[in-house]
Amino acid sequence: MNQYLSRRTFILIPTMSILKIIFKPMQVLASSLASKEEWNLSKEEWQDKLSPESYYILREEGTERAFSSQLNNEKRKGVFHCAGCDLPLFLSDKKYDSGTGWPSFWDSIQGSVETKVDFKLIVPRTEYHCSRCGGHQGHVFNDGPAPTGKRYCNNGLALRFVPD
Ligand SMILES: [Zn+2]
């Protein structure tokens, strides 16, 4: 039994190292490009514009701590804008309590977000970002409520809420 386990570990460790090497460049490429020329800002320009916390999420595809965003409990009517370029992304009537600790929506405003697949956790996930400035917002999953069945799991720090 022990011999079997150690043999398995012996195979597993180099395999994981190889996978890490293969997937590492994808993390670097993960930052999305802006579709609009005027939002193709340099790293320094984004750092001047954003708080360090929002920069980490929007420009480096970071994730805020679960239940850390005040927007999680935001129940007023209004529109959720991209914190990077102010493009409206989500309407409050598409927001729901997913219990995950991140602001969640079952639909986005048409054309406001674009998706790509990332491999940050090895398992592929669908990342989405603002279609105008390319700022990372969150990940979309297929376990949301009807009618779309989607769950847009968004970082609160990547959004700015504008009440009606
Ligand atoms: Zn944006």
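Keep in mind the model is a prediction, meaning the values are calculated, not measured.

S.K.: Help me understand the sheet that holds strand 9 (residues 159-163), please; the structure alone is not making it clear to me.
M.R.: The strands that make up a sheet are held in pairs by hydrogen bonds between backbone atoms, and each pair lies either parallel or antiparallel. One open sheet accounts for 3 strands, arranged 2-1-9; its pairing is antiparallel. Each edge of the open sheet carries a strand with a single partner, namely strand 2 (88-91) and strand 9. Sheet twist, expressed as the average angle between the axes of neighbouring strands with direction ignored, equals 30°.

S.K.: Please clarify how the pattern of salt bridges should be interpreted in this entry.
M.R.: It is possible for side chains bearing opposite charge to pair when their charged atoms get close. The final tally for this structure, using the stated rule, is 6 salt bridges. The closest approach of N and O atoms between arginine 76 and glutamate 74, which form a salt bridge, is 2.7 Å. For lysine 116, the salt bridge goes to glutamate 127, with nearest N and O atoms at 3.4 Å. Of this pair, lysine 116 sits in strand 5 (residues 113-121) while glutamate 127 sits in strand 6 (residues 123-130); the two residues are 11 residues apart in sequence, bridging distant segments of the chain. For glutamate 127, a relative accessible area of 0% gives the class buried.

S.K.: Honestly, the packing of aromatic side chains in this entry has me stumped. Any pointers?
M.R.: The relative placement of two aromatic rings is captured by the distance of their centres and the angle of their planes. Under the defined criterion, the tally for this structure stands at 7 aromatic pairs. For the pair tryptophan 39 and tryptophan 46, a centre-to-centre distance of 6.0 Å together with 25° between the ring planes defines the contact as stacked. Like tryptophan 39, the residue tryptophan 46 is buried in the burial classification. Each residue in the set Phe80, Phe90, Phe105, Tyr128, Tyr152 and Phe161 is aromatic and connected to the rest through ring pairs, giving one cluster.

S.K.: Before we go on, may I ask you to explain the confidence of the model for the protein chain in this structure?
M.R.: The predicted coordinates of low-pLDDT regions are not to be read in fine detail. When the pLDDT values of the protein chain are averaged, the result is 88; 81% of them are 70 or greater. Counting interchain partners and residues more than four positions distant, the pLDDT-below-50 stretch residues 25-30 has 4 contacts.

S.K.: Looking at this structure, I do not really get the sheet that holds strand 8 (residues 151-154). What am I missing?
M.R.: Taken together, the 6 strands give an open sheet; going across it, the order is 3-4-8-7-6-5, and neighbouring strands pair in antiparallel fashion. A strand with exactly one partner marks an edge of an open sheet, and here the two such strands are strand 3 (95-96) and strand 5. Bridging between strand 5 and strand 6 involves 7 bridges; their strand directions are antiparallel. When the sheet's bridge partners are listed, aspartate 118 is paired in strand 6 with arginine 125.

Here is what the cut-offs are and how they apply
- The residue numbers shown here count from 1 along each chain, following its written sequence.
- It should be noted that, the model being predicted, local features are given only for residues of pLDDT at least 70 and side-chain atom pairs only at 80 or more, the latter also being counted only at that level, while totals for whole chains, interfaces and linings use all residues.
- The side-chain values count all of the structure's non-hydrogen atoms but skip hydrogen atoms and water molecules.
- When DSSP locates at least two bridges between a pair of strands, those strands are taken to pair.
- Runs of H or I in DSSP of at least four residues are treated as helices and runs of E of at least two as strands, each being numbered from the N terminus.
- Axes here refer to lines fitted to C-alpha atoms; in helices the fit is confined to the stretch in contact. Angles between the N-to-C directions go from 0 to 180 degrees.
- Salt bridges are defined as contacts in which a side-chain nitrogen from Lys or Arg sits within 4 Å of a carboxyl oxygen from Asp or Glu.
- Exposure classes here rest on a 1.4 Å probe applied to the protein chains alone. A residue is buried below 20% of its type maximum, exposed above 50%, and partly exposed in between.
- Between the rings of Phe, Tyr and Trp (Trp by its six-membered ring), a pair exists once the centres lie within 6.5 Å; its type follows the angle of the planes, with under 30 degrees stacked, over 60 edge-to-face, and the other angles tilted.
- Confidence of the prediction at every residue is given by pLDDT, a number between 0 and 100.
- In what follows, a contact means two residues having at least one pair of non-hydrogen atoms within 4.5 Å.

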